[in-house]
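# Structural characterization, general
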Amino acid sequence: MAARKRRVKLYVLDDHGEWADQGTGFAECRPVEDDTDPSIVVSGEEGERRLLTSKVASEDIYAKQAETLIVWNDGENGEGGVDYALSFQETQGCQEIWDEIMDYQVTARQNSTSDLMGKPEYVEQIVLNLPPANLAHLDEIVNLFQTVIVEDVKGKLADLIRENNYIEKLVDLWQMVEYLESAPDFRKMYYIFRELVLLNDPKIIEALVSLPTSKVLMSALEHDPDIVPGQFKHTEFLEHQVQFREVIPFNDVPLVDKIHCVYRLQYLKDVALAKVLDEATNATLASLIFVNNIQVVTRLVSKTKWISLLFDLMKSPEVSAQKLEDALKLLAELTSLSLNLEAKNKVIFYDLLEKNGLFEVCAKTIGREGPDSDQIRLTSMELLVRTVENDSSSLRKYLLSQRHTDYHFLSLLVKRSHAETNTAVLNLLSDVFTNLIGGELYVESVPDDLLQAWTLFYDRFAADFFSPLFAEVPPRLKFSDAESLIRLNLIQSLITFILTHGHRSRVFLLEDHRLLKLMQLLNGRDKFIHLGAVRVIRAVLTINNRFYLNALIEEDIFGPVVAVFVKNGSKYNLLNSAILEMFTFLGSLRFIHPVLKYFLEKYGDEVCKIESAKTIISELRAHYDSVEKRRPNNSFVKDEAREDFRERARAENQEEAWFNDEDSYKINTALGSVH
């Protein structure tokens, strides 16, 4: 039970000010190894590696928020420290860890013998008095707020402000200053409200961004003495320029207030005080945004009727383009925020979307044509990518269930990957195929749904999907930007499939002379397309398979590559480097003899014309000679080679089953004769 209460998600604030999920585990506050002082330790679930070890600091760097969140800046981890956040599954576990941290800090401060500024005794002796919130004491208030720099004293000042409802009094003081329209007093109020935020107290910040105080805060921050008066009009922007549209009415006032609060926090962090925030306050604002976003998504997930109405709107044939775009953007934003949900809640969220027809909506909008459809397709693809990245198996199961519609959705994705002109959409389509069909390197087993997806893809769609790579390319052809990106994305997908799909991708490439046809890409003028084609051959060599190597020799695949290399000359660029690296790699092939012999005899002298390749060719020849000398011509060696081949065949049991396919042409073309 204790372990469950202390189950946490660990987050780290990245360079973009976003909280990145580092994993789920269990939190403890205990000494580590020989250290007598406690550390916050997060151990991964199922006995996995330790996710975090952070020594508990005696300084007041920790903040507890929303009953289940502890955030702090670990100053020992690099320059500027690292901002961490622990999101607890239960409030009791959070409170226990918090109490243990506080107990240690009390003991540490009592035993501290640090200098005057760091002594808790010094802090305790400081007597803070809040001046009356009126014009006569305006200078005194500014002076007090600007001279409090010690963290412990800031904490005492924050406590005083909350206990005395001082923010309300400052709001009244602002109204008086605003009535008198005194420029010097406006600047003083700017300093006061700025320093209120920099006290870095979560409760004070939340009070400042809540209505009606937020209007006063933003008005005061417009009077920064370092900028031209009137340059920033925060209040006008937030009240009149920002539009909040409810695609489907929430009918939930607290929820709407929470959404507005998140926006004001984000605006305060990124605009109003962006240039003056210290790291600690920036982290606190980010954590407040994070917590409030989780609360918004969690509340929306519970509103199943609202979700249903949203999908009904998107499915409606009468929905306008603007309304459809707004609905998709809202749903895409929700999926983005859902990344921070606990695993259980995330599953519930996506199950709810899928039951309401998420993939049907994506199919409808991804295939949409017309001048008003670019943004709709883009948003729909963003939504689909987030869904697939969360759980690709859900989309695979949906696609496999579409036998009665001739796999309409997958067919649509293939067509869009060729017809799309929006480069952002093209990149997202590539991401979808990589997550949907691509495998992983060095895995012992492949899930059944992924195996079925591979079979469906190669039987029905692979030839069409990769067709732009095998089409004829006239000499010196220049592709458009969209055409280039289509081919680059397809090349990246092909490389991924070569490395992960085993015999399926091999048979696909070796039938119909597709490897040779791929070399036509070298006819064009686009250097990055040339580089992509070379990378495909390099991936084929990485597999180090006899049938691939046999095809390289029989179809003279190195001929076009060498021609491009020689034409490129001694230019030191990515293409030159990639080809040289590929030549070097030939010396490490397992089945080296026939390939290296073919390459050196046919192209060794020609490649040596390029100065940068001379050393490589010389080393390859020396390596080939040494291998040739170690090749005794006796039956034992031949039998050993045959046994090696039989062992490899037995290990590839899936390949044997696939080769028993009724398509004998496919088998004969793929296997060929082994040198």
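As the structure is a computational prediction, the values presented were derived from the model and not from experiment.

## A short note on the nonpolar core
Counting 145 residues, the largest nonpolar core has Leu-384, Phe-409, Phe-466, Phe-558, Phe-583 and Phe-599 as the members making the most contacts within it. Not counting residues within four places of it along the chain, the set of residues in contact with Phe-583 comprises Phe-558, Val-562, Phe-565, Phe-599, Val-607, Ile-616 and Leu-620. Residues Phe-145, Leu-217, Val-262 and Leu-265 belong to the second largest nonpolar core, which totals 47 residues.

## A word on helix α9 (residues 213-221)
With respect to burial, α9 is a largely interior element, 8 of its 9 residues being buried. Turning to α9, its buried residues are Thr-213, Ser-214, Val-216, Leu-217, Met-218, Ser-219, Ala-220 and Leu-221. The inward-facing, buried residues of α9 contact α6 (166-180), α7 (183-198), α8 (202-209), α10 (234-241) and α11 (253-272).

## Here we look at the environment of Leu-477
Relative to the assigned elements, Leu-477 resides in the loop between α22 (467-470) and α23 (481-500). Setting aside residues up to four positions removed in sequence, Leu-477 forms contacts with Asn-523, Gly-524, Arg-525 and Asp-526.

## As for unusual backbone geometry
The omega angle of the peptide bond from Leu-211 to Pro-212 is 0 degrees, so this bond is cis rather than trans. Positionally, Pro-212 belongs in the loop between α8 and α9. You will see that His-513, though not glycine, has its phi angle at about 55 degrees, which is positive. Tracing the backbone through its elements, the reader meets His-513 in the loop between α24 (503-510) and α25 (514-518).

## Structural notes on the pattern of salt bridges
Pairs can form between side chains of opposite charge once their charged atoms are near each other. A full pass over the atoms with the stated rule returns 31 salt bridges. For Glu-96, the salt bridge identified is with Arg-6, shortest N-O distance 3.1 Å. Linking Glu-96 in helix α2 (residues 91-110) with Arg-6 in the loop between α1 (2-5) and β1 (7-13), this pair joins segments that are 90 residues apart in sequence. Judged by its relative accessible area of 26%, Glu-96 falls in the partly exposed class. In this structure Arg-6 comes out as buried when scored by relative accessible area, which is 16%. What emerges from the salt-bridge pattern is a single network uniting Glu-369, Asp-374, Arg-377, Arg-416 and Glu-420.

## Observations regarding the packing of helix α19 (residues 408-419) against helix α20 (residues 423-437)
Pairs of packed helices are described in terms of their axes, by the angle between the two and the distance that separates them. At a closest axis distance of 10 Å, the pairing of α19 and α20 adopts a crossing angle of 140 degrees. Comparing their axes, α20 and α19 come out oblique. The hand of the α19/α20 crossing is left-handed. Judged by residue contacts, Leu-410, Leu-413, Val-414, Arg-416 and Ser-417 of α19 engage Leu-426, Leu-429, Val-432, Phe-433 and Leu-436 from α20.

What counts, and at which threshold
- Residues numbered from 1 in each chain as written.
- Predicted model: local features only at pLDDT ≥ 70, side-chain atom pairs only at ≥ 80, totals over all residues.
- Heavy atoms only, no water.
- Core = buried A, V, L, I, M, F, W, Y, C linked by side-chain atoms within 4.5 Å.
- Buried < 20%, exposed > 50% of the residue type's maximum accessible area, 1.4 Å probe, protein only.
- Contact = heavy atoms within 4.5 Å.
- Helix = DSSP H or I, 4+ residues; strand = E, 2+ residues; numbered from the N terminus.
- Salt bridge = Lys/Arg side-chain N within 4 Å of Asp/Glu carboxyl O.
- Axes fitted to C-alpha atoms, helices over the stretch in contact; angles between N-to-C directions.
- Parallel < 35°, antiparallel > 145°, perpendicular 65-115°, else oblique.
- Left-handed = near helix turned anticlockwise from the far one by under 90°.

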